[in-house]
Amino acid sequence: MKLRIHRTLLSILVLMQISTSFAKANGLENIFEETAKKNFTQEEEVNFYMFASFSLSDTHLRQMMDYAKAYNGVIVFRGIENNSFKKTGEHIQALARDGDEASIIIDPTLFKEFQIVQVPSYVLAKNGKCPVGISCRADYDKIIGSVTPKYALEKFAEQGDLSKEAQDLLWG
């Protein structure tokens, strides 16, 4: 599978090189470069993921929602509660306080990508510039255990690979 992906990426890069050469030969390089920038690359993006489960106490989940709002974080659940979208939605609404707008997603692929086997866990991740539709996770920091998201960001700021990004989230 990886070999097929690498061959596909190599084919794309070869086609881009051929297209670039053609564009330069015909005086179209500026048009091609602008199109390539818009369609072939994603901007670098930093995400602060807070991995959670409905097995955590409501108090803990409410605190995570407060921190997610304060630090522009995203609460990530592996799946829905008791195989019920309705129960999941009702539970999240019951946790939300008036005016709460925390980002909450259900994405089991993130649990796999960051090898999350215990909650709560916190990940500060930075995507590199890469073709649209392809995940290019350049760097990430991870801390596991029952700590606050603020503590996790402080540790990332002190000794993480994404120290600057953690500081930006902490102190704006």
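Predicted model, so just to flag it, every value in this text is computed and none were measured.

What counts, and where the lines are drawn
Residues numbered from 1 in each chain as written. Predicted model: local features only at pLDDT ≥ 70, side-chain atom pairs only at ≥ 80, totals over all residues. Heavy atoms only, no water. Helix = DSSP H or I, 4+ residues; strand = E, 2+ residues; numbered from the N terminus. Buried < 20%, exposed > 50% of the residue type's maximum accessible area, 1.4 Å probe, protein only. Polar contact = N/O pair within 3.5 Å; in protein donor to acceptor, adjacent residues only side chain to side chain. Core = buried A, V, L, I, M, F, W, Y, C linked by side-chain atoms within 4.5 Å. Phe/Tyr/Trp six-rings, centres within 6.5 Å; stacked < 30°, edge-to-face > 60°. Contact = heavy atoms within 4.5 Å.

(A) Up close: the side chain of N47. Within the secondary structure, N47 is located in strand β1 (residues 45–52). For N47, a relative accessible area of 14% translates into the label buried. At a separation of 3.3 Å, a polar atom in the side chain of N47 contacts the side chain of Y49.

(B) Structural context of the nonpolar core. Ranked by size, the top nonpolar core spans 24 residues in total, and within it F48, M64, I75 and F156 carry the most contacts. When residues of this core are traced back to their parent elements, those giving at least two are β1, α3 (58–70), β2 (74–77), β4 (121–127), α6 (149–159) and α7 (163–171).

(C) Spotlight on the packing of aromatic side chains. If you walk through the whole model with that rule in mind, you get eight aromatic pairs. Between Y49 and F51, the ring centres sit 6.1 Å apart and the planes meet at 50 degrees, which makes this aromatic pair tilted. Taking relative accessible area as the criterion, Y49 reaches 8% and is therefore assigned buried. For the pair F114 and Y140, a centre-to-centre distance of 4.8 Å together with 75 degrees between the ring planes defines the contact as edge-to-face. With a gap of 26 residues between them, F114 in the loop between α5 (108–113) and β4 and Y140 in strand β5 (residues 137–144) connect regions that are remote in the sequence. Here a set of aromatic residues connected by ring pairs shows up, and it is made of Y49, F51, F111, F114 and Y140.

(D) Seen up close, the side chain of H91. With respect to the helices and strands, H91 occurs in helix α4 (residues 85–95). Within the structure, the side chain of H91 is placed 2.7 Å from the side chain of D58, a separation counted as a polar contact. Every residue in contact with H91, bar those within four places of it in the chain, is listed here: F54, D58 and E81.

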